[in-house]
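# Report on the structure
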Amino acid sequence: MASLNVGNLGEYLREQRRSAQLSLRQLADAAGVSNPYLSQIERGLRKPSADILQQLAKALRISAETLYVQAGMLDEREREELETRGVILADPSINERQKQVLLQIYDSFRKENALDTENALDTDTPEPAPEQRSERAARADGGGATPTPPSD
């Protein structure tokens, strides 16, 4: 897990609070935290827990994952995966069985792409055929080109 980047988190929280047109006290009340504690988070003096971030996200009506990324608790790709899953699960136009099938397909694609990436990183560049090696490499192997004996 990455270290907490509390300064950026505090600035981000302040921006979100202001865009939601909430005072510090209103957000603190809505999130169930004390006013001084929220002030310290916004000023970068406190490191809130994941639970506190979740409460703040709920009060601000933003995703908790977004705050986790800001706090350095969650990787951006992990957040995107969680949000994708959340959108599928929240879709009222498809039934539960369809949601589960979609999630299984999504997981299989992610695994396939992860394996493709791993295989691409693990594959060594094959050695060139002897006729493709440079003259320098041939000399390093033992003396360069072998002269052709003169014909009679």
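Small disclaimer: the values here were computed from a predicted structure and weren't measured.

### Some thoughts on the confidence of the model for the protein
Of all residues in the protein, 76% have pLDDT values of 70 or greater, and the mean over the chain is 80. Element-level mean pLDDT values for the protein span from 50 in helix 8 (residues 135-142) up to 97 in helix 2 (residues 24-31). This model gives residues 1-5 a pLDDT under 50, and the stretch forms 10 contacts once residues within four places in sequence are excluded. In this model, residues 136-140 is a region of pLDDT below 50 whose contacts with residues beyond four sequence positions or in other chains number four contacts.

### A closer look at the pattern of salt bridges
As a working rule, side chains carrying opposite charge can pair if their charged atoms are close by. Summed over the entire model, instances satisfying the criterion amount to six salt bridges. Of the charged contacts, one joins R17 and E42 as a salt bridge, the two residues approaching to 2.7 Å between their closest N and O atoms. Here the residue R17 occupies a position in helix 1 (residues 6-19), and E42 occupies one in helix 3 (residues 35-42), the gap between them amounting to 25 residues. The pair formed by R17 and E42 is uniform in burial state, with each residue classed as buried.

### As for a nonpolar patch on the surface
A contiguous nonpolar surface patch, about 260 Å² in accessible area, is contributed by V101, I105 and F109. By the secondary structure assignment, I105 is in helix 7 (residues 96-122). A residue is classified by how much of its surface remains accessible, and I105, at 38% relative accessible area, is partly exposed.

### Focus: the nonpolar core
Judged by nonpolar contacts, the single largest core of 23 residues is most densely connected at L13, V33, L53, L56 and L67. When contributions to this core are tallied by element, the ones reaching two or more residues are helix 1, helix 2, helix 3, helix 4 (50-60) and helix 5 (64-70). It is helix 4 that contributes the most residues to this core, six residues altogether. Excluding residues that lie within four positions of it along the chain, V33 makes contacts with A28, L38, I52 and Q55.

### Examining helix 6 (residues 76-90)
An ideal rise of 1.5 Å per residue puts 21 Å on 15 residues; helix 6 measures up with 21 Å between its terminal C-alpha atoms. Residues of helix 6 that are buried include every one of R79, E81, R85 and I88, and no others. Next to the buried residues of helix 6 lie helix 5 and helix 7.

### Observations concerning helix 7
Helix length check: helix 7 (27 residues) gives 39 Å between terminal C-alpha atoms against 39 Å at 1.5 Å per residue, within 8%. If you check which residues of helix 7 are buried, you get K99, L103 and Y106. Summarising the contacts, the buried residues of helix 7 are in contact with helix 6. N-cap assignment for helix 7: the residue whose side-chain oxygen lies 3.1 Å from the backbone N of R97 is N95.

Calculation notes
Residue positions within a chain follow its written sequence, with the count starting from 1. Residue-level local features of this predicted model are given only where pLDDT is at least 70; pairs of side-chain atoms are given and counted only at 80 or more, and the full residue set underlies all totals for whole chains, interfaces and linings. Think of the side-chain values as coming from all heavy atoms in the structure, minus any hydrogens and water. For every residue, the predictor states its confidence as a pLDDT score lying anywhere from 0 to 100. A run of H or I in DSSP becomes a helix once it reaches four residues, and a run of E becomes a strand once it reaches two; helices and strands are each numbered from the N terminus. Note on contacts: a residue pair is in contact if any heavy atoms of the two residues lie within 4.5 Å. By salt bridge we mean one thing: a side-chain nitrogen of Lys or Arg within 4 Å of a carboxyl oxygen of Asp or Glu. Between buried and exposed lies partly exposed: a residue is buried under 20% and exposed over 50% of the maximum accessible area for its type, with that area taken using a 1.4 Å probe on protein chains only. Nonpolar side chains (Val, Leu, Ile, Met, Phe, Trp, Tyr) are joined into patches within 5 Å and like charges within 9 Å, using only residues with over 30% relative accessible area and no salt bridge. In this description, accessible areas are obtained by the Shrake-Rupley approach with a 1.4 Å probe, and a residue is regarded as covered only by the protein chains that are shown. Remark: nonpolar core denotes a set of buried residues (Ala, Val, Leu, Ile, Met, Phe, Trp, Tyr, Cys) joined through side-chain atoms within 4.5 Å. The length a helix should cover is 1.5 Å for every residue beyond the first. The term polar contact refers here to a pair of N or O atoms within 3.5 Å; inside protein, the definition further demands a hydrogen-donor-capable atom paired with an acceptor-capable atom, and it admits residues adjacent in sequence only when both atoms are side-chain atoms.

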